[in-house]
Amino acid sequence: GGSELAPIGRAQIVRLKMNIAQQLVGAITLLGVGIRLLVMQTLQQRRERENRQINERLRTLMAAYKTLGGSFTGELGVDPSHRRDLRQREDADGIAEPRSDRARRIRDAVEAALSDILLLGTDEQVRLATRAANELAQGRPVHTHELVVSLRDFVREALDLAPIPADLQIPPQGPTRPVASGGGK
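Residues numbered from 1 in each chain as written. Predicted model: local features only at pLDDT ≥ 70, side-chain atom pairs only at ≥ 80, totals over all residues. Heavy atoms only, no water.

Engineer: Sorry if this is basic, but what is going on with helix α1 (residues 10-69) here?
Structural biologist: Residues spaced three or four apart along an α-helix point in a common direction, a consequence of the helix completing one turn every 3.6 residues. Compared with the 88 Å implied by 1.5 Å per residue over 60 residues, the 87 Å span of α1 between its first and last C-alpha is a close match. Burial in α1 covers these residues: Leu58, Thr60, Leu61, Ala64, Leu68 and Gly69. Buried residues along α1 sit in contact with α3 (102-120), α4 (123-137) and α5 (145-158). (Helix = DSSP H or I, 4+ residues; strand = E, 2+ residues; numbered from the N terminus. Expected span 1.5 Å × (residues − 1). Buried < 20%, exposed > 50% of the residue type's maximum accessible area, 1.4 Å probe, protein only. Contact = heavy atoms within 4.5 Å.)

In C-alpha cells, the structure reads:
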C-alpha cells in the first residue's frame, strides 16, 4: 500500500480558513494602500502643475506691471507712433538727425505687456488691456495707470499682501523708460 492521508480535523479546517482569511485581508489592505498612494501621487502632481501655472502667471503679470507702471515721472502716456510716422514727422519738420527711438521701444514693450495681459489677466485686466490695445491701434496715446492699479491689486492679493491703504496717494504710473542699449555690461 500507499500512504494514506490523515483525515483533517475540525480544528485544522478552522485554522486553514483563518489563515486564508488573514491572507485575503492582507492582500486587500495592500491593494488599498497601493490605490491610496497612486491617488495621492496623482493629486500631488496635479497640485504641483497648478502651482507652477499660478507662479508663471504671477511672474508674467508682475513683469507686465513693471513694464506698464515702472515710472512715476516724465511722460506717462504711450506714443503709438511707428517708425514710419516718426520719419514722416521728421521730414515734415526738416529734421536731418533722426530722433531717439525711445518712444518706439516703450511702445513695443507696452504692446508685449498688453499681449501677456490679454492671455493671462483677469476679466477686468483683459478689458483694460483691450481698450489700451485698441487705442494704440487707432493711433491714440495710451495711459496705462488704471491697468497698472488693477495689476498691482491682483498681485498683492495673490501674494496674500494687505491692500495698499486708501489714504496713501500713489502718483500716477506710466511705462518704464527703456535703458539705452549697447555698451556697459
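Engineer: Honestly, α4 in this entry has me stumped. Any pointers?
Structural biologist: Taking 1.5 Å of rise per residue, the 15 residues of α4 would be expected to cover 21 Å, and the 21 Å separating its terminal C-alpha atoms lies within 8% of that figure. Taken together, the buried positions of α4 are Gln125, Leu128, Ala129, Ala132, Glu135 and Leu136. Along the axis of α4, the buried residues cluster in a sector spanning 120 degrees; they form a single face. Projecting away from the buried face of α4 at angles above 90 degrees are the exposed residues Asp123, Arg127 and Ala137. Next to the buried residues of α4 lie α1, β1 (77-78), α3, β2 (142-143) and α5. Once α4 finishes, Gly139 follows within two positions and takes phi at roughly 80 degrees, a positive value. (Arc of directions from axis to C-beta.)

Engineer: How do you make sense of the side chain of Arg107 when you look at a structure like this?
Structural biologist: Along the chain, Arg107 turns up in helix α3. A relative accessible area of 4% places Arg107 in the buried class. Looking at Arg107, its side chain comes within polar contact range of the side chain of Asp108, at 2.7 Å. (Polar contact = N/O pair within 3.5 Å; in protein donor to acceptor, adjacent residues only side chain to side chain.)

Engineer: Would you mind going over the environment of Leu151 with me for this structure?
Structural biologist: Relative to the helices and strands, Leu151 is located in helix α5. On the basis of relative accessible area, Leu151 is assigned to the buried category, the value being 0%. Sequence separation between Leu151 and Leu68 is 83 residues, and the spatial gap between their C-alpha atoms is 9.6 Å. In this view, Leu151 contacts Leu61, Ala64, Tyr65, Leu68, Ile117 and Gln125; residues no more than four positions away in its chain are not counted.

Engineer: Which parts of the structure should I look at to understand the nonpolar core?
Structural biologist: For soluble globular proteins, nonpolar side chains are generally found buried alongside one another. Ranked by internal contacts, the top residues of the largest apolar core, which has 17 residues, are Leu68, Val110, Leu114, Ile117, Leu136, Leu147 and Leu151. For this core, the secondary structure elements donating two or more residues are α1, α3, α4 and α5. In this structure, Leu136 is in contact with Val78, Pro80, Arg107, Val110, Glu111, Leu114 and Val142, ignoring residues within four places of it in sequence. (Core = buried A, V, L, I, M, F, W, Y, C linked by side-chain atoms within 4.5 Å.)

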